[in-house]
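Breakdown of the fold
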Amino acid sequence: MPAISIDTVALPRVPEPDPTATDRAVVSLTTAPSGLEGEGFPVRRAFAGVDLRALDPFVHMDQMGEVDYAPGEPKGTPWHPHRGFETVTYMIDGVFRHQDSNGGGGLITDGDTQWMTAGRGVLHIEAPPEEVVMRGGLFHGFQLWVNLPAKLKWNPPRYQDIRGRVVTLLSSPDGGALLRVIAGEVAGHRGPGITYTPITLIHATLAPGAQLRLPWNPDFNALVYVLAGSGSVGTQRRPVRLGQLAVYGPGDVVAVQADARQERRSPNLDVLLLGGQPIREPVAAYGPFVMNTREELVQAFEDYQAGRLGTIPAVPIEPQPGHEVLSETAESE
């Protein structure tokens, strides 16, 4: 995905914040440890070591890759369940396929987003298509988990397919930064994502030396995660680099600046800006479930094992006319 693929001069510009607005200071800066997910693809655990109260309403985020696979190496996840939250999968480079037991599914690539509300329960699978596995190639994106309040955890599952071409594109006042608004609102400009929990989700690309000061909902928390490049964050201009998460304190403005010199492999500073209305409810999370109590977690596992979270669509090898095709119940994550 090109870093800046649009002439930012022609885009709507986010206005300069009100002179009386308060800039948010950075209250913590952490570095994501590396791990493996699914069938073994590399991730950075973006929220590792951060208090859940500072992340609320977010509970988990993985940066997937960036990795350049050789032929036969691309991997995904097997069929597995979710309940009680929403998964947001955003692809920067590469191709990923989603399928779920509620009928949702499709391919995402180069700026596309898949937004799955698990709600009361769903089974899904995410994997590169067979042709991508055969040829290999670049793979880079992220998956974010957005919590649901107790009253919405039992909503029916739903699926949103958000193409990269429909996200709202904005520019910083001086044209030095491109903003892709996936969900929420920035200065009156709304992204296409439909959310149960009020949030804002932006992918911003800053040219070397560019500064971005965004008006931010004072009722939301504010997080900035570095996808590529280097720069500084907050009123203190704290240095940040790839794989680091900045948590901001209260205020009206979020500030990010790109270093004047970037490494050749990452010529710009790419960041995710996230914020949301805190839910402020107890969180009981384990594996693929995010609930409010331990009893609800136990019930989620029992429901999954009993096949009450959905069934995996059967794919017959040779369908025969007049023969009924039965679906298969998931038995393992």
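Residues numbered from 1 in each chain as written. Predicted model: local features only at pLDDT ≥ 70, side-chain atom pairs only at ≥ 80, totals over all residues. Heavy atoms only, no water.

Quick notes on the sheet that holds strand β4 (residues 58-69)
Note the cut-off: Two strands make a pair as long as DSSP finds a minimum of two bridges between them. Helix numbers and strand numbers start at the N terminus; a helix is a DSSP run of H or I with at least 4 residues, a strand a run of E with at least 2. As a rule, the C-alpha atoms of each element are fitted with a line to give its axis, helices using only the stretch in contact, and angles between N-to-C directions run from 0 to 180 degrees.
The strand order across the open sheet formed by seven strands is β2-β3-β4-β11-β6-β9-β12, and the pairing between neighbours is antiparallel. This sheet does not close on itself; its edge strands, each paired only once, are β2 (34-37) and β12 (158-162). Strand-to-strand twist in this sheet, taken as the mean axis angle between neighbours without regard to direction, amounts to 25°. When strand β6 (residues 85-93) meets strand β9 (residues 113-117), the two strands line up antiparallel, connected through five bridges.

Regarding the pattern of salt bridges
Applicable threshold: One speaks of a salt bridge when a side-chain nitrogen belonging to Lys or Arg is within 4 Å of a carboxyl oxygen belonging to Asp or Glu. Remark: exposure states derive from per-residue accessible area (1.4 Å probe, protein chains only) relative to the maximum for the residue type, with buried under 20%, exposed over 50%, and partly exposed in between.
As enumerated under the stated definition, the model contains ten salt bridges in all. Arg53 is paired through a salt bridge with Asp51; the nearest N and O atoms lie 2.7 Å apart. Accessibility expressed as a relative area gives 71% for Arg53, which makes it exposed. The salt bridge partner of Arg190 is Glu185, with a shortest N-O separation of 3.0 Å. Through salt bridges that share partners, Glu37, Arg45 and Asp62 make up one connected network.

Notes on helix α3 (residues 294-305)
Using the following cut-off: Helix span, as expected, comes to 1.5 Å for every residue beyond the first. Here the arc refers to the set of directions running from the helix axis out to each C-beta atom. The contact criterion used throughout is that any non-hydrogen atoms of two residues lie within 4.5 Å.
Compared with the 16 Å implied by 1.5 Å per residue over twelve residues, the 17 Å span of α3 between its first and last C-alpha is a close match. Those residues of α3 lying buried are Leu297, Ala300, Asp303 and Tyr304. In an axial view of α3, the angular spread of the buried residues amounts to 125°, which keeps them on one side of the axis. In α3, the exposed positions angled more than 90 degrees off the buried face are occupied by Arg294, Glu295 and Gln305. Elements that come into contact with the buried residues of α3 comprise β5 (77-82), β10 (122-127), β25 (284-286) and β26 (289-291). Phi turns positive one or two residues past the end of α3, at Gly307, with a value near 80°.

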